[in-house]
Amino acid sequence: LGPSVALACPQARLCSVPKPLLKGPTMGEEEGDWNATIEEWLLAEGQCVAGALASSTDGAMYAAAPVAADEGWGLLFKESYKAMLAQEDGTEKEETIDESAILKIVADGKRPPQGLWIAGEKYTITRQEEDDVDGAPIKIAVAGRPKKGVVIYITGVGTIIVGMFDETKNASQTVGNCRKCVHAFTEYMMTIGY
């Protein structure tokens, strides 16, 4: 274990359990370490149903939680697939959905022309903004669909953090509560260089 420094959620109430500042694994280390870290920071408080880490270089996710039975991967990712998408002229056209490429577009601060797709479901981006965490610039995107949504933070060094909430699983899982936990996790990730 690393230093015994504690980092608590600045919004205090929901993510109030101080988390130890552990020496973080490097990007090349075993993904299981990242999965457990996601589970601890995003899922333990019950404010997110799933979470993931991805690279802003290509949008590819490299860790997801919940870990049991790869449930996080099932909730947050689907390999490239084809879907019928409505066109501006009212017709439908089959298009390839590459969720990693779409996440990269979001990480670049843009709105994907096909919309935001996560695990085969389309989400409507309701907010994209820039903010700072401890003086460092970050990008934030919030997207939803009925009773569920995602909060996405992109750090200045290229880490994408995705938190998913689902009000049908837990009534306290709201965009605001999910965002508080994603924000706290982003602060932690930035302290270890991600």
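These remarks concern the structure in this document. (Residues numbered from 1 in each chain as written. Predicted model: local features only at pLDDT ≥ 70, side-chain atom pairs only at ≥ 80, totals over all residues. Heavy atoms only, no water.)

### What to know about the nonpolar core
Argument step 1. With 29 residues, the main nonpolar core has Leu76, Leu116, Val150, Ile152, Ile160, Val162 and Met164 as its most contacted residues.
Argument step 2. Element by element, the count of residues in this core is highest for helix α3 (residues 99-107), at 4 residues.
Argument step 3. Excluding residues that lie within four positions of it along the chain, valine 150 makes contacts with Leu116, Ile118, Tyr123, Ala141, Val142, Ala143, Val162, Gly163, Met164 and Phe165.
Argument step 4. Residues Trp41, Tyr62, Ile138 and Ile161 belong to the second largest nonpolar core, which totals 26 residues. (Core = buried A, V, L, I, M, F, W, Y, C linked by side-chain atoms within 4.5 Å. Buried < 20%, exposed > 50% of the residue type's maximum accessible area, 1.4 Å probe, protein only. Helix = DSSP H or I, 4+ residues; strand = E, 2+ residues; numbered from the N terminus. Contact = heavy atoms within 4.5 Å.)

### Some thoughts on empty space enclosed by the protein
Argument step 1. Scanning all chains against the criterion turns up 2 cavities of 30 Å³ or more.
Argument step 2. Of the voids in this model, the largest cavity is the one considered here, and its volume is about 70 Å³.
Argument step 3. Around the largest cavity, the lining residues are Gly59, Met61, Leu76, Phe77, Glu99, Ser100, Leu103, Trp117 and Ile118.
Argument step 4. Those elements that provide at least two residues to the lining of the largest cavity are α3 and β7 (116-118).
Argument step 5. In terms of residues, the lining of the largest cavity owes the most to one element, α3, which gives 3 residues. (1 Å grid on protein atoms, 1.4 Å probe; cavity = no way out; pocket = protein on both sides within 12 Å on 5 of 7 lines; lining within 4 Å. Points joined across faces, edges and corners; volume = space filled by probe spheres on them.)

### Here we look at the sheet that holds strand β3 (residues 50-55)
Argument step 1. Strands sit in the order β4-β3-β11-β10-β9-β8-β7 across an open sheet of 7 strands; the sheet is antiparallel. Across the chains shown, the open sheet's two edge strands, defined by having one partner strand only, are β4 (61-65) and β7. Ignoring strand direction, the axes of neighbouring strands in this sheet form an average angle of 25°.
Argument step 2. With 9 bridges connecting them, strand β8 (residues 121-133) and strand β9 (residues 136-145) associate as antiparallel partners. (Pairing = 2+ DSSP bridges. Axes fitted to C-alpha atoms, helices over the stretch in contact; angles between N-to-C directions.)

### A word on the side chain of aspartate 166
Argument step 1. Within the secondary structure, aspartate 166 is located in strand β11 (residues 159-166).
Argument step 2. Buried aspartate 166, no salt bridge; nearest opposite-charge side chain is lysine 148, N-O distance 4.5 Å.
Argument step 3. A distance of 2.5 Å separates polar atoms of two side chains, one belonging to aspartate 166 and the other to threonine 168. (Lys, Arg positive; Asp, Glu negative; His and termini not counted. Salt bridge = Lys/Arg side-chain N within 4 Å of Asp/Glu carboxyl O. Polar contact = N/O pair within 3.5 Å; in protein donor to acceptor, adjacent residues only side chain to side chain.)

### Notes on the pairing of β3
Argument step 1. Among the 6 residues in β3, 5 count as buried, and that is most of the element.
Argument step 2. Where β3 meets β11, 6 bridges bridge the pair, whose relative direction is antiparallel. Its bridge partner being in β11, alanine 52 is matched across the sheet by valine 162.
Argument step 3. Here β3 runs beside β4; their pairing, made up of 4 bridges, is antiparallel. Note on β4: the bridge partner recorded for alanine 52 is alanine 64.

### A word on the pairing of β9
Argument step 1. A loop of 2 residues connects β8 with β9, the two strands running antiparallel in sequence, and aspartate 134 in this loop sits at a positive phi of about 50°.
Argument step 2. Summarising the sheet, β9 and strand β10 (residues 148-154) pair through 7 bridges and their orientation is antiparallel. Counted as the bridge partner of isoleucine 140 is tyrosine 153 from β10.
Argument step 3. The turn linking β9 back onto β10 is made up of 2 residues, and lysine 147 within it adopts a positive phi angle of 70°.

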